[in-house]
Amino acid sequence: MFSHVMVGTNDMARSKAFYDALFAAMGGKPGQEDPLGRVLYFHRGALFMISKPIDGEPATVSNGGTIGFGVASPEEADAWHRAGTENGGTAVEDPPGERNGSAGRLYLAYLRDPDGNKLCALHRLG
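Residues numbered from 1 in each chain as written. Predicted model: local features only at pLDDT ≥ 70, side-chain atom pairs only at ≥ 80, totals over all residues. Heavy atoms only, no water.

(A) Molecular detail of the nonpolar core. Within the largest apolar cluster, 25 residues are counted, with the highest numbers of intra-cluster contacts made by Tyr19, Phe48, Phe69, Trp80 and Leu119. Secondary structure elements with two or more residues in this core: α1 (12-25), β3 (39-43), β4 (46-51), β5 (67-70), α2 (74-85), β8 (104-112) and β9 (118-124). Among the elements that take part in this core, α1 stands out by supplying seven residues, more than any other. Sequence-distant contacts of Leu119, defined by excluding residues within four places in its chain, comprise Phe18, Tyr19, Leu22, Thr66, Ile67, Phe69, Trp80, Ala109, Tyr110, Leu111 and Asp113. Ranked by size, the runner-up nonpolar core spans five residues in total, among them Val92, Leu106, Tyr110 and Cys120. (Core = buried A, V, L, I, M, F, W, Y, C linked by side-chain atoms within 4.5 Å. Buried < 20%, exposed > 50% of the residue type's maximum accessible area, 1.4 Å probe, protein only. Helix = DSSP H or I, 4+ residues; strand = E, 2+ residues; numbered from the N terminus. Contact = heavy atoms within 4.5 Å.)

(B) Representation of the packing of α1 against α2. Orientation of α1 relative to α2, taken along the N-to-C sense of each, is 165°, at an axis distance of 8 Å. Judged by the angle between their axes, α1 and α2 are roughly antiparallel. Judged by the sense of rotation from one axis to the other, the crossing of α1 with α2 is right-handed. Two secondary-structure elements touch here, α1 through Phe18, Ala21, Leu22 and Ala25 and α2 through Glu76, Ala79, Trp80, Ala83 and Gly84. In the contact of α1 with α2, the residues fall into seven nonpolar, one polar and one charged. (Axes fitted to C-alpha atoms, helices over the stretch in contact; angles between N-to-C directions. Parallel < 35°, antiparallel > 145°, perpendicular 65-115°, else oblique. Left-handed = near helix turned anticlockwise from the far one by under 90°. Nonpolar A, V, L, I, M, F, W, Y, C, P; charged D, E, K, R; others polar.)

(C) Structural view of the sheet that holds strand β2 (residues 32-33). Read from one edge to the other, the open sheet built from four strands follows the order β1-β4-β3-β2, with strand pairing classed as mixed. Because the sheet does not close on itself, it has two edges, and the strands there are β1 (5-8) and β2. Pairing geometry for β1 and β4, over four bridges, is parallel. Residue pairing for β4: Val7 is matched across the bridge by Ile50. (Pairing = 2+ DSSP bridges.)

(D) Examining α2 more closely. Along its 12 residues, α2 runs 17 Å from first to last C-alpha, staying within 8% of the 16 Å computed at 1.5 Å per residue. Where α2 is buried, its residues contact α1, β5, β6 (90-91), β8 and β9. (Expected span 1.5 Å × (residues − 1).)

(E) Broad picture of the pattern of salt bridges. Summed over the entire model, instances satisfying the criterion amount to six salt bridges. Ionic pairing is found between Asp20 and Lys16, a salt bridge with its closest N-O pair at 2.6 Å. With a gap of four residues between them, Asp20 and Lys16 both fall in helix α1, about one helical turn apart. Of the residues examined, Asp20 reaches a relative accessible area of 18% and is grouped as buried. For Lys16, a relative accessible area of 25% corresponds to the partly exposed category. Among the ionic pairs, Glu76 bridges to Arg44, the shortest N-O distance being 2.9 Å. A residue pair is termed long-range when its members are at least 10 positions apart, and Glu76 in helix α2 and Arg44 in the loop between β3 and β4 qualify at 32 residues. Given the relative accessible area of 13%, Glu76 is considered buried. Classification of Arg44 by relative accessible area gives partly exposed; the value is 48%. (Salt bridge = Lys/Arg side-chain N within 4 Å of Asp/Glu carboxyl O.)

Structure representation (structure tokens):
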């Protein structure tokens, strides 16, 4: 359904270090800078990017928005969450764990990146 996700940042080096750690925790590779100065992550058939806003204004966060990353297991979600909090992210919501709701049994972990974007690692439980 989606071709890519891009978030804005006010500090590319800080954001790259943060997202490199998150993707490593999911078995991914460090991001690669393109000729326009954006950092691209290709992982599991998807594209995620970080960029300074092209209009020159400061990057801001979405109110009510969340970007979800699919992970392979609860252990990978925990590693993702740990990597995020150890690299400038902030834990939000409840601690990582199982949630039951209309979408079924899920294992979720929530973070805010160094620029305040809300992120979620999601694993669907059997």
